[in-house]
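Residues per chain, in single letters:
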Amino acid sequence: MSQPDYLIHAALPASHVNVTFQGPFMGSMVTWEMQLATLRYYREAAHDISGFLCPFIEIADSGGQVYPLRVGLDLDIIDEPAIRKTIIMIRNYKRLAIGRLEFCRDE
């Protein structure tokens with residue numbers, strides 16, 4: 001089995017993990033410092049268990065080659081397949097931009 005091209009900074013499974021990986025952004029290859037977490041984790045961190053929160057991608061403006069990235073997913077737990085799928089999504093998403101993208105469904 002080949003080595004993954006990312007570094008996980010936590011034991012799995014977990015409600016949130018920090019992951020470092022490389023990928024394209026705005027025409028350059030950058031290093032992503034991603035916090036990947038369940039929506040429940042973000043709600044609890046905000047002390048708002050009942051609040052509505054959509055899956056999201058949030059990119060902070062770093063002005064350099066390392067970009068802080070927060071991703072919230074509607075999952076019960078973060079595991080290795082979730083991490084791999086999220087990295088693929090970030091690497092392939094053509095319209096990534098600084099700021100927050102939310103993916104809410106109309107109910």
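Here is a short report on the structure shown in this document.

The rules we used
- Residues numbered from 1 in each chain as written.
- Predicted model: local features only at pLDDT ≥ 70, side-chain atom pairs only at ≥ 80, totals over all residues.
- Heavy atoms only, no water.
- Disulfide = S-S within 2.5 Å.
- Helix = DSSP H or I, 4+ residues; strand = E, 2+ residues; numbered from the N terminus.
- Buried < 20%, exposed > 50% of the residue type's maximum accessible area, 1.4 Å probe, protein only.
- Polar contact = N/O pair within 3.5 Å; in protein donor to acceptor, adjacent residues only side chain to side chain.
- Contact = heavy atoms within 4.5 Å.
- Phe/Tyr/Trp six-rings, centres within 6.5 Å; stacked < 30°, edge-to-face > 60°.
- Lys NZ or Arg CZ within 6 Å of the ring centre and 35° of its normal.

1. Quick word on the state of the cysteines
- Counting across every chain of the model gives one disulfide.
- There is a disulfide in this structure between Cys 54 and Cys 104, and the S-S distance comes to 1.4 Å. Classification of the bridge connecting Cys 54 and Cys 104 rests on its S-S torsion, roughly 110°, and on that basis the disulfide is right-handed. Of the two residues, Cys 54 sits in the loop between helix H1 (39-45) and strand S4 (56-59) while Cys 104 sits in the segment after strand S6 (99-102), which places them 50 residues apart along the sequence.
- Take Cys 104: its relative accessible area is 40%, and that puts it in the partly exposed class.

2. Comments concerning the side chain of Thr 20
- Structurally, the position occupied by Thr 20 is in strand S2 (residues 16-25).
- Among the residues examined, Thr 20 registers a relative accessible area of 17% and is labelled buried.
- Side chain to side chain, Thr 20 and Glu 33 meet in a polar contact 3.0 Å long.
- Non-local contacts of Thr 20, meaning those with residues more than four positions away in its chain, are made with Tyr 6, Leu 7, His 9, Thr 31, Trp 32 and Glu 33.

3. Considerations on the packing of aromatic side chains
- This model, assessed by the stated rule, comprises six aromatic pairs.
- Consider the rings of Phe 25 and Tyr 67, whose centres lie 4.9 Å apart with planes at 75°: the pair is edge-to-face. Of the two residues, Phe 25 is situated in strand S2 and Tyr 67 in strand S5 (residues 66-73); the sequence distance between them amounts to 42 residues. Both residues of the pair, Phe 25 and Tyr 67, count as buried.
- Residues Trp 32 and Tyr 67 carry aromatic rings whose centres are separated by 5.8 Å and whose planes lie at 50° to one another, so their mutual orientation is tilted. Within this pair, whereas Trp 32 is found in strand S3 (residues 28-38), its partner Tyr 67 is found in strand S5, the two being separated by 35 residues in sequence. Residue Trp 32 shares its accessibility class with Tyr 67, and that shared class is buried.
- An aromatic cluster of at least three residues, connected via ring pairs, comprises Phe 25, Trp 32 and Tyr 67.
- The ring centre of Phe 56 lies 3.9 Å from the NZ or CZ of Arg 100, which sits over that ring.

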